[in-house]
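Observations on the three-dimensional arrangement
Spelled out, the chains give:
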Amino acid sequence: MADKQSEGGPPRGGLTRRALFKGAGAAAAAGAVFRSLEGAAEEAGPRSQGPGKVPVTLKVNGAERKVPVEPRETLLEVLRLPLELTGPKPVCDRGTCGACTIWVDGEPAYACSVLAVEAAGHEITTVEGLGNPDALHVVQEAFVAHDALQCGFCTPGFVMSCAHAVKTHGKDLTDAQVRDACAGNLCRCGTYPHVIKAALAAAKKGG
Amino acid sequence: MPREVTYKVGLIGHEQHAKDVEGTTQDITVQIHELDAEPWGVDTKLEHVGTEVPRVDGALKATGAAKYSYDMQPPGLTFAGLVYSPHAHAQVTAVDASAAKAMKGVLAVKTMEGQRATYPGKIVAAVCAESEAILDDALASIRVTYDVRPVAAVTEDAMKEGAPQVTGRKNVRSINRRQPPDASKAFTEAEVAVQADYRTAVQTHSCLEPHGCMVMFEADGSVTVYASTQATAGFASRRFLQALGVPRSQVRVITQHMGGGFGSKFGAMEWDALCAEFARETRRPVRMMLSRRMEHLVGGNRPDSIQAMELAGTRDGRFLALRGRTHGTYGNAAGGGAGAANTAVYRIPVTEMHQNAVATFSARGAAFRAPRHPQGFYALESIIDRYAGEIGMDALAVRLKNDPHPIRQVQWRIGAERIGWKENRRAKAGSDKGVIKRGVGCAASRWGQAGRHMGFGGAVKVNCLVERDGSVAIESCVQDLGTGTRTLMAIIAAEELGLTPTQVDVRIGDTRYPPGPGSGGSTTAPTIGPVTRNAALRAREAIGALLAAEWGVADHEVGFARGTFSAPGGKSTTWAKACSLVGPEGLRVQGERRRNWSSPFRETAGCQFAQVAVDTETGVITVEKVVAVHDAGRIVDTMTARSQVNGGVIQGISYALYEEKHLDRAGGDMVNPTFDTYRIMGIQDCPAIDVVLTSVASGYNNPGMMGLGEPATVPTAGAVANAVYNAIGVQVTELPMTPARVLAALERRQG
């Protein structure tokens, strides 16, 4: 997802996420964006990393993955390539649409707004880590059963948000709680009513 | 030999609401080609068709296993990106890419000096690099010098005398195909006439997966393209093929899944061609996907509209004439995507519409889900409610009086009951006490697509493959946009073969398979459904012939019902057992899409009702409930059909309340090209949506199918606008109905 509106200097219409992170030094930028990493940022102190690639060990879907990353690279970029987990999707590039939603230490986060170096030492879960076509997570199963998807590009993000809501509220999950959980996810095909149905059905099943 | 069949077409079920309506079913006689299946009529009993079937690729999508073009990343993948003009009108005088060219990891750079940009987003340079990070650095290093010229960014500015010309022609151009009739006599003589101006904003498609592709040269010199397209067979344009430097026969286009198109993604665009050139030059796989900003700038849009409307009628609610003058911009392409469709629903004796396209300095529009309809229906249905208010007649009664479509007559009755029209419609608009005022409104929909026998690349065909273990596969190059094409093909083949939909392996979205349709105009389902049936039928006949030989009976003596073959003398066997007669190479037959028949149910009907609450202090509109009643010919899968209607309603509300492409009037650039500034509807805004599908055996093709994608979004904005009018007693005459516009309308009412 790269192109520039050029005049010389940064693109108008706001910084891209990568431009924002670039050169900022890993620790500085992420703490504000990413609450659950505050502890890690403190330990690391103000030292800067890069600009070249640095080795990072990421714990993704239960497996340790050692990858060299540029400090400016987002977790989303590193998950998709080189880790080849293309479930999380790049869409808005600025923490608005939720198509890249993953869990970090069990909490939902936008992978496009987290630096890969910051995610080291944390448990990362992507949609692929919830289940696969032969062994669906209860929320994924409900998404299929209630047709909570159309083109499917936003679906991994919605699945992660709903699965978190189901995990948090259990059988008592309400319509309003599903809407809250998915308030940071956008769908252009207009699948929201079925998403709500699916999440509530999954909760009832005891997700 | 063609054969003649007489059968019943029209509405299936809904007897209670149809009992007072004439003409909801009819017997028709059609000539059926020998390669075409017997028609399914109103009374045909079907096992899977018309039921709730989960989509067959749902598990892939819910687990992230579905691969989109954006997800294609073979070893050695390289990344392409663009530098583009921020100016709507400028001459590109110099492009300095020397720094980019010198960067390690930059593989190729192209610059386009000397070009004239007539829209922001015009490509001025392109780079191919080893990584996305290097690509970013390279793009940022390119310096472009522009000679900036004056612009006419918005429609009104371009209409002004002396406005800068976008093309060699005048900015404003009539797009009427013929001179419209003169309605002045009808207006002079009419008892009642109402007049109002309505406006709608430019809406961008906002597909979540951006436009783009991944191009890869294979070892044998052929090319594989993974494209985010609505037409695998129509993607490789002449420019794209030139860029690749290989003949069409060497190019394979694949679209297994795609993240939204809505009319904006057909043939390869300039960025795709640049991607192809990079692939040819570097001999590496190259991926080029637009950024979100570029997607908003050049990824397509629905033209805006300024509609000056007049409606004349009698005191007792009969329409006499409609007159209107519309202007809308298709961007720098002066062409015909602008305009407002609004004359094809009601019985109106004279319609005098003057439609104009206005060229502006912005990227061209694109077909967008029901082109010209949402804007036209918003204005038409709004002026009808104004007329109903003027004569003091119930707005629904006016519609029932002027609507000639028997199916829509039934749908109005169903919808009115489910929204609680009698209880919830304010007899006096704006009469609620207090700050929050509620109201209900309604609007009609139409469409009329029964599919086609020709697709991109020739007559539409589908393969059916049967293996000796009884397993079945269906093949076509047709793509599934998320509408459920795969699933409906599985359902139809299963119906014909006595299997379950999950037993049919549907292989689509690949130009290696037989020619299929592009997915536009709600033509995909009614194009591919009938031919899928024919393919399955050919397979069934072929297995039947093997059995006939085995049993020593004539082919025609072998019958088939509910998955079991039988023949006189008590012979009987299952599908799976019969298939053991197939040779080790399997059986491969092909079905052909035959021409449509004709039928009285040419137009599909629909209507929607909305209930809103308007906060008169803040101007915020909340849509509380929508009832959407739609006919799409025979509904094959009620589950995916309901998803489509939900989507049409949601996009329609989003269009009515939120979406607007804001331009800098001085420079022409889009000022809200991000999802936090260009708002599309979220889940918190989503009302209860009650979808009612009135299946109709259309009589146009063997299953009786029609299209559904577009009609579901046609009436929504009109219904919401009329509900707002009913709630606050004044019309908000501009979409989107933002809080500011609602407050301004309330002020006008008081003033």
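Residues numbered from 1 in each chain as written. Chains lettered and ligands numbered in written order. Predicted model: local features only at pLDDT ≥ 70, side-chain atom pairs only at ≥ 80, totals over all residues. Heavy atoms only, no water.

**Remarks on the overall build of chain A**
- Along the backbone of chain A there are 9 helices and 6 strands.
- Split into buried and exposed, the 207 residues of chain A put 58% on the buried side.
- If you sum the accessible surface of chain A, you get close to 7,800 Å²; carbon and sulfur atoms cover 52% of it. (Helix = DSSP H or I, 4+ residues; strand = E, 2+ residues; numbered from the N terminus. Buried < 20%, exposed > 50% of the residue type's maximum accessible area, 1.4 Å probe, protein only. Areas by Shrake-Rupley, 256 points an atom, 1.4 Å probe, with all protein chains shown as cover.)

**Things to note about the overall build of chain B**
- In terms of regular secondary structure, chain B is built from 19 helices and 33 strands.
- For 751 residues, the compact-globule estimate of 2.2 N^0.38 gives 27 Å, and chain B sits close to it at 28 Å.
- Based on the C-alpha atoms only, the size of chain B along its principal axes is roughly 90 × 75 × 45 Å.
- In chain B, which comprises 751 residues, the proportion classed as buried is 65%.
- Here the contacts in chain B between residues at least 6 apart in sequence split such that 80% fall between residues at least 24 apart.
- Of the accessible surface of chain B, which amounts to about 26,000 Å², a share of 48% is contributed by carbon and sulfur atoms.
- Here chain B contributes 82 positive and 77 negative side-chain charges, whose respective centroids are spaced 3 Å apart. (Rg over C-alpha atoms; globule rule 2.2 N^0.38 Å. Contact = heavy atoms within 4.5 Å. Lys, Arg positive; Asp, Glu negative; His and termini not counted. Charge placed at Lys NZ, Arg CZ, Asp CG, Glu CD.)

**Describing the packing of aromatic side chains**
- In total, this model carries 11 aromatic pairs over all chains according to the counting rule given.
- Between B:Trp421 and B:Phe609, the ring centres sit 5.7 Å apart and the planes meet at 80°, which makes this aromatic pair edge-to-face. In this pair, B:Trp421 is assigned in helix α13 (residues 421-424) and B:Phe609 in strand β30 (residues 604-615), connecting sequence segments 188 residues apart.
- Linked through ring pairs, B:Phe319, B:Tyr346 and B:Tyr387 together constitute an aromatic cluster.
- Cation over ring: A:Arg80 sits above B:Tyr70, and NZ or CZ is 5.3 Å from the ring centre.
- If you follow B:Arg302 out to its NZ or CZ, it ends over the ring of B:Phe368, 4.6 Å from the centre. (Phe/Tyr/Trp six-rings, centres within 6.5 Å; stacked < 30°, edge-to-face > 60°. Lys NZ or Arg CZ within 6 Å of the ring centre and 35° of its normal.)

**Concerning the environment of B:Thr118**
All names here are of chain B.
- Locating Thr118 in the fold gives a position in the loop between β6 (116-117) and β7 (123-129).
- Each residue touching Thr118, except ones within four places of it in the same chain, is listed here: Ala88, Val166, Asn332, Thr360, Phe361 and Ser362.
- Within the structure, Thr118 has its side chain in polar contact with the side chain of Asn332 (distance 3.0 Å). (Polar contact = N/O pair within 3.5 Å; in protein donor to acceptor, adjacent residues only side chain to side chain.)

**Some thoughts on helix α15 (residues 524-551) of chain B**
- An ideal rise of 1.5 Å per residue puts 40 Å on 28 residues; α15(B) measures up with 40 Å between its terminal C-alpha atoms.
- The element α15(B) is largely enclosed, with a buried count of 21 among its 28 residues. (Expected span 1.5 Å × (residues − 1).)

**Digging into the interface of chain B and chain A**
- Taken together, the contacts link 78 residues of chain B with 65 residues of chain A.
- Counting the surface lost from both chain B and chain A, the interface buries some 5,900 Å², and carbon and sulfur atoms represent 54% of this.
- At the junction of chain B with chain A, the criterion picks out 6 salt bridges.
- Residue A:Arg188 pairs with B:Glu659 through a salt bridge whose shortest N-O separation is 2.7 Å.
- Taken together, chain B and chain A are joined by 30 residue pairs in polar contact (both at pLDDT 80 or more).
- Only α2 (58-62), β3 (78-84), α4 (132-141), β8 (143-148), β11 (203-204), α9 (292-298) and α17 (638-657) of chain B provide two or more residues apiece to the side of chain B that touches chain A.
- At 10 residues, the largest contribution of residues to the side of chain B that touches chain A is made by α17(B).
- Split by residue class, the side of chain B that touches chain A holds 38 nonpolar, 25 polar and 15 charged. (Buried area = accessible area lost by both parts, 1.4 Å probe. Salt bridge = Lys/Arg side-chain N within 4 Å of Asp/Glu carboxyl O. Nonpolar A, V, L, I, M, F, W, Y, C, P; charged D, E, K, R; others polar.)

**Looking at the domain arrangement of chain B**
All names here are of chain B.
- In terms of domains, chain B is made up of domain 1 (1-34 + 405-450 + 596-751), domain 2 (69-150 + 211-289) and domain 3 (451-499 + 519-592).
- Residue-level contacts link 4 residues of domain 1 with 4 residues of domain 2.
- Where domain 1 packs against domain 2, one counts 0 salt bridges.
- Linking domain 1 with domain 2 are 1 residue pair in polar contact (both at pLDDT 80 or more), by the criterion used here. (Domains from an automatic or database assignment.)

**Digging into the sheet that holds strand β31 (residues 621-630) of chain B**
Residues and elements named next belong to chain B.
- Strand order across the open sheet formed by 4 strands is β20-β30-β31-β32, with mixed pairing between neighbours. A strand with exactly one partner marks an edge of an open sheet, and here the two such strands are β20 (436-447) and β32 (688-693). On average, each strand axis in the sheet is inclined to that of its neighbour by 15°, with strand direction left out of account.
- As defined by bridge partners, β30 adjoins β31 across 9 bridges and the pair is classed as antiparallel. (Pairing = 2+ DSSP bridges. Axes fitted to C-alpha atoms, helices over the stretch in contact; angles between N-to-C directions.)

**Some points on the domain arrangement of chain A**
All names here are of chain A.
- Segmentation of chain A into domains returns domain 1 (17-126) and domain 2 (131-204).
- At the junction of the two partners, domain 1 supplies 17 residues and domain 2 supplies 11 residues.
- For the domain 1 and domain 2 pair, buried surface summed over both sides reaches about 1,100 Å², with 64% attributable to carbon and sulfur atoms.
- It is Lys89, Thr101 and Trp103 that lose the most area in domain 1 upon contact with domain 2, and together they represent 40% of the buried surface on that side.
- Counting across the domain 1 and domain 2 interface gives 8 residue pairs in polar contact (both at pLDDT 80 or more).
- Secondary structure elements with two or more residues in the side of domain 1 that touches domain 2: β4 (101-104) and β5 (107-110).
- Within the side of domain 1 that touches domain 2, the residues separate by chemical class into 8 nonpolar, 7 polar and 2 charged.

**A word on the pattern of salt bridges**
- Taken as a whole and assessed by the stated rule, the structure comprises 46 salt bridges over all chains.
- Ionic pairing is found between A:Arg94 and B:Asp676, a salt bridge with its closest N-O pair at 3.2 Å. You can see A:Arg94 sitting in the loop between α4 (75-80) and β4 and its partner B:Asp676 sitting in the loop between α17 and β32, one on each of two chains.
- Classification of B:Asp676 by relative accessible area gives partly exposed; the value is 44%.
- Residues joined in a network through salt bridges with shared partners are B:Lys110, B:Arg239, B:Glu270, B:Glu277 and B:Glu281.

**Quick look at the sheet that holds β4(A)**
Residue and element names in this part refer to chain A.
- Strand order in the open sheet formed by 5 strands is β3-β2-β6-β4-β5, and the pairing between neighbours is mixed. Each edge of the sheet is formed by a strand with only one pairing partner; in this case those strands are β3 (63-69) and β5. Averaged over all adjacent pairs, the angle separating strand axes in this sheet is 40°, with direction ignored.
- Looking at chain direction, strand β2 (residues 54-60) and β3 are connected through 7 bridges and run antiparallel.

**Quick look at the packing of helix α14 (residues 485-497) of chain B against α15(B)**
Residue and element names in this part refer to chain B.
- Between α14 and α15, whose axes approach to 8 Å, the crossing angle comes to 35°. The two elements α14 and α15 meet at a crossing, and its hand is right-handed. Across the interface between the two elements, Thr485, Leu488, Met489, Ile492, Ala493, Glu496 and Leu497 from α14 touch Thr524, Ala525, Ile528, Gly529, Thr532, Arg533, Ala536, Leu537 and Arg540 from α15. (Left-handed = near helix turned anticlockwise from the far one by under 90°.)

**Topic: the nonpolar core**
- In this structure, A:Phe143, B:Val225, B:Phe240, B:Phe609, B:Val720 and B:Met737 are the most contacted members of the largest nonpolar core, which totals 187 residues.
- Among the elements that take part in this core, helix α10 (residues 373-391) of chain B stands out by supplying 9 residues, more than any other.
- Aside from chain neighbours lying at most four places away, what touches B:Met737 is B:Ile621, B:Ala656, B:Leu657, B:Val720, B:Ala721, B:Val724, B:Val732 and B:Val742.
- Of all hydrophobic cores here, the second largest spans 45 residues; its members include B:Ile492, B:Ala494, B:Val553 and B:Val636. (Core = buried A, V, L, I, M, F, W, Y, C linked by side-chain atoms within 4.5 Å.)

**Some thoughts on the packing of α10(B) against helix α11 (residues 395-402) of chain B**
Residues and elements named next belong to chain B.
- At a minimum axis distance of 9 Å, the contact between α10 and α11 shows a crossing angle of 110°. Taken together, the axes of α10 and α11 are roughly perpendicular relative to one another. Regarding α10 and α11, the two cross each other, and that crossing is right-handed. Facing α10, whose interface residues are Glu381, Ile384, Asp385, Tyr387, Ala388 and Ile391, α11 presents Ala395, Val398 and Arg399. (Parallel < 35°, antiparallel > 145°, perpendicular 65-115°, else oblique.)

**Observations concerning the environment of B:Arg413**
Residues and elements named next belong to chain B.
- Mapped onto the secondary structure, Arg413 falls in helix α12 (residues 406-419).
- With relative accessibility at 27%, the residue Arg413 sits in the partly exposed group.
- A sequence separation of 372 residues divides Arg413 from Gly41, and the C-alpha atoms of the two residues are 24 Å apart.

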